[in-house]
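Listed below, chain by chain, are the residues.
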Amino acid sequence: MTVKNNNIKFYKGEQIPIELHKVRIVQKLFLKPIEERKEAIDKAGYNTFLLNTKDIFLDMLTDSGTNAMSDNQISSMLQADDAYAGSQSFYRMEEALREVFGKHYVLPVHQGRAAENIVSQAFIKKGDVIPMNYHFTTTKAHMELNGGKVLEIFGDDALQIKSDKPFKGNIDINKLKDIYKKYGKEKVAFVRMEASTNLIGGQPFSMQNMRDVKKICVENGTMMVLDASLIGENAYFIKQREQEFKDTTIKDILLEMCSYADLVYFSSRKVSSTRGGGIVTNSEELYLKMRDLLVLYEGFLTYGGMSVREIEAMAVGIQETCDETIISQSPSFIAYAVTQLDKAGIPVITPPGALGCHLDAKGILSHVPQQEYPAGALAAALFLVSGIRGMERGTVSSVRDEEGNDILSDVELLRLAFPRRVFTLSQTMYVIDRVKWLYDNRELVGGLEWTEEPPLLRFFMGRLKPKTNWPEKLIAKFKKDFGDSL
Ligand code: F0G
C-alpha cells in the first residue's frame, strides 16, 4: 500500500500538496524584463494565444498537449509499429481503451475536436437540439455547423463564483425534462455531459447526476454522449466528494461513468497526456455511422490522424489516468492556489476544480465593462507583470448575435491552467504572488477593443488593443514596486 494522492498530512503548519514524482527531464525557462513582455503582448494583439513561448515564463494557457509525459509513456514510443493499416500500436491502444472505458469499438482521431466533427456530422440534423451541462467552444461550433442548437441546462449554482457546492457541473434534471416537453424527443439529437465542465471552472458532475440523466435518456430513447477529455479529474472529485465512492478505485469509478454513456469521446491531449483523441462505443450501429467519416476526415481506422508514437503513448497514458497519484496532482495544486487567493480576498472560482485556477475577471476588474473584455484585459495584464500566460474564457471567447452585438459571456474568467506534473510549488507561489500584486493594483487596468476580429472562433486569431494607455501606467507602478527585479 502506498500513499494514494498528493494531499499527505504535514506535522505542523499549512497543508501543501506534494509532488509524487521526480523530475528527470527539464526544460529551461526564461523570465524576460517587463519592457520585452510589453513588446511581446503588443505584437500579439493583446491575445495570449498569439504570444510566442520564447517570451513566456510560465505557460498556463492550457493543459492540452502540455501535461508532462511519464517515463513509461516515453519508452513505449520506441516500440511503435509504423504501418498505414493494422499497426500493432493501434491494437495495444484499442486494448487499453477497452479496459479503461469498457467500450468495444474504438475510433482514433487526431484530437478532440475531430471527434466532435464526426459525432456532430453523424448524429445531428438541422433543427435538432443538444442539451448539455455546458458547451465547450469547439463543441458548440461543430454542432452549430451541422444545424444543431446547444441548450445549456446547468443548475442554478453552476455560475456562482464563490460556492461550496461540490458538483457545479451537474445537469438540472427538471430543465432536461422541460426540454423534452418543449421540443419533443425526436428533436433531441443526444444529451451531452462534459466531465469536469471546462468553461465554468473545471467543475465536476456527480455519479448520481449521471444516473438521473441516464434514466431520462432511456425513457426517451435518447443516446447519452460523454465528453471524457477531463474524466480522470472528474472521477477523482467523485471519489473525494461523493460519499458512496470514497473507497472505490478510480478505475471502477471511470468504468461506471462510461457505462452510462452510449458513446464516449475525448481529447487525448488532456486525458492521456499525449496528442490525439478517440471515440468509443459498444454499439455496432453507432460505430458504423461514424466509421466512414473517420476514414474521410482523419485517416485509416488504425491510426486516425495520429502518429504511431502518439498511439503508443496514449495506450500507456490512458492506463495512467486510473492512477490516483497522477490524476490528483493537478487538482491538488489548483486547490492550493485557489485557497491562497481566496484567503487573500481575490475573487476566484470555488470550490477548486480541474484544469486550472479560474480568476473572476468581472469581480477583479469590476470597473471594466463586459463590452471591453475584462477577462482579456486581465490575461494581458497578468502576462505583462509576470510572464505568466493564462487564457481568456469570457466574452472574447464568445460570438456576436445576428445584429452584430457581442453575446456577453455568463462568466468572465482568466484561466491559469495547471498541466499535470509540470509546475513546482515555488512556481505556484510565484503565480499567487503576482496575482496578489495585480489585484492590489487592479484599478490601473483598463479595457480592450478589437483591431482584427475573425468571424469564427475569434479568440484564437483575433487582435485587440488597449482602449487607453493603461499598460504604460501598470508598468510604471510595477517598476516602482519591484525596481530592477523582473
Ligand atoms: N472537449 C473539451 C471538454 C475540451 O476541453 C477540449 C479542449 C475539447 C473538447 C477539444 O479537444 O483541443 O483536442 O481538439 N480543450 C482545450 C483547452 C483546447 O485548452 O481547454 P482538442
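The rules behind these values
Residues numbered from 1 in each chain as written. Predicted model: local features only at pLDDT ≥ 70, side-chain atom pairs only at ≥ 80, totals over all residues. Heavy atoms only, no water. Axes fitted to C-alpha atoms, helices over the stretch in contact; angles between N-to-C directions. Helix = DSSP H or I, 4+ residues; strand = E, 2+ residues; numbered from the N terminus. Parallel < 35°, antiparallel > 145°, perpendicular 65-115°, else oblique. Left-handed = near helix turned anticlockwise from the far one by under 90°. Contact = heavy atoms within 4.5 Å. Nonpolar A, V, L, I, M, F, W, Y, C, P; charged D, E, K, R; others polar. Near = heavy atom within 4 Å. Polar contact = N/O pair within 3.5 Å; in protein donor to acceptor, adjacent residues only side chain to side chain. Areas by Shrake-Rupley, 256 points an atom, 1.4 Å probe, with all protein chains shown as cover. Domains from an automatic or database assignment. Buried < 20%, exposed > 50% of the residue type's maximum accessible area, 1.4 Å probe, protein only. Pairing = 2+ DSSP bridges. Right-handed = clockwise from strand over helix to strand, strands pointing away. Salt bridge = Lys/Arg side-chain N within 4 Å of Asp/Glu carboxyl O. Arc of directions from axis to C-beta. Lys, Arg positive; Asp, Glu negative; His and termini not counted. Buried area = accessible area lost by both parts, 1.4 Å probe.

Draft legend 1. Quick look at the packing of helix α4 (residues 112-123) against helix α5 (residues 137-145). It is the contact of α4 with α5, at a shortest axis distance of 9 Å, that shows an interaxial angle of 25°. One way to sum up the angle between α4 and α5 is to call them roughly parallel. Where α4 crosses over α5, the handedness of that crossing is right-handed. Between α4 and α5, the residues in contact are R113, E116, N117 and S120 and T138, T139, H142 and M143, respectively. Across the contact of α4 with α5, the residue classes tally to one nonpolar, five polar and two charged.

Draft legend 2. Inspection of the site of the ligand at higher detail. By nearness alone, 17 residues border the ligand, and T62, R113, D227, S267 and R415 come closest of all. K270 places a polar side-chain atom, nitrogen or oxygen, 2.8 Å from an oxygen atom of the ligand. In the environment of the ligand, an oxygen atom lies 2.7 Å from a nitrogen or oxygen atom belonging to the side chain of R415. Protein chains shield 96% of the accessible area of the ligand, which is 470 Å² for the free molecule. Every element with two or more residues in the shell around the ligand is listed here: α4 and α10 (268-271). Element by element, the count of residues in the shell around the ligand is highest for α4, at three residues. Broken down by class, the residue content of the shell around the ligand amounts to two nonpolar, eight polar and seven charged. Here the shell around the ligand gathers at least three residues from each of two domains, domain 1 (7-63 + 326-482) and domain 2 (71-322).

Draft legend 3. Representation of the pairing of strand β5 (residues 190-194). Within β5, five of the five residues are buried, which leaves it mostly tucked inside the rest of the structure. In β5, alternate side chains face the same way, and those of F190, R192 and E194 on one face and V191 and M193 on the other are all buried. Strand direction decides the pairing type here: β5 and strand β6 (residues 223-227), joined by five bridges, are parallel. Its bridge partner lying in β6, F190 is registered against M223. Crossover β5 to β6 through helix α7 (residues 207-220) is right-handed.

Draft legend 4. The pattern of salt bridges, seen in detail. Following the criterion strictly, the structure yields 38 salt bridges and no others. E472 serves as the salt-bridge partner of K38, at 3.3 Å between the closest nitrogen and oxygen. Placement of K38 in helix α1 (residues 34-43) and of E472 in helix α19 (residues 470-482) is noted, with a sequence separation of 434 residues between them. The class for K38 is buried, based on a relative accessible area of 13%. Each of R400, D406, E453 and R458 takes part in a single network of salt bridges with overlapping partners.

Draft legend 5. Highlighting helix α6 (residues 173-183). Buried within α6 we find I173, L176, I179 and Y180. Mapping the buried residues of α6 onto a view down its axis gives an arc of 110°, with all of them on the same face. Residues of α6 that are exposed and point over 90 degrees away from its buried face: N174, K181 and K182. Against the buried residues of α6 lie β3 (129-132), β4 (149-152), β5 and α7. N-cap assignment for α6: the residue whose side-chain oxygen lies 3.0 Å from the backbone N of N174 is D172. G184 sits one or two positions beyond α6 and adopts a positive phi of about 85°.

Draft legend 6. Fine view of the side chain of R192. Here R192 lies in strand β5. Residue R192 is classed as buried on the basis of its relative accessible area, which comes to 0%. Within polar-contact distance, the side chain of R192 engages the side chain of D227 at 3.0 Å.

Draft legend 7. Here's a closer look at the side chain of E116. When you line up the elements, E116 lands in helix α4. No salt bridge is formed by the buried E116, whose closest oppositely charged neighbour, R192, lies at an N-O distance of 4.8 Å. Engagement of the side chain of E116 in a polar contact is seen with the side chain of T138, the distance being 2.8 Å. Not counting the four nearest positions on each side in its chain, E116 is found in contact with F136, T138, T139, H142, D227 and Y265.

Draft legend 8. Summary view of the domain arrangement of the chain. The domain boundaries assigned to the chain delineate domain 1 (7-63 + 326-482) and domain 2 (71-322). For domain 1 versus domain 2, the distance between C-alpha centres works out to 27 Å. Between domain 1 and domain 2, the residue contacts involve 29 residues of the former and 36 residues of the latter. Approximately 2,600 Å² of surface area, both sides summed, lies buried where domain 1 meets domain 2, with 56% of it carried by carbon and sulfur atoms. In terms of surface lost to domain 2, no three residues of domain 1 exceed I327, P351 and R420, which account for 22% of the buried area on that side. Ionic pairing is found between K270 and D63, a salt bridge with its closest N-O pair at 2.9 Å.

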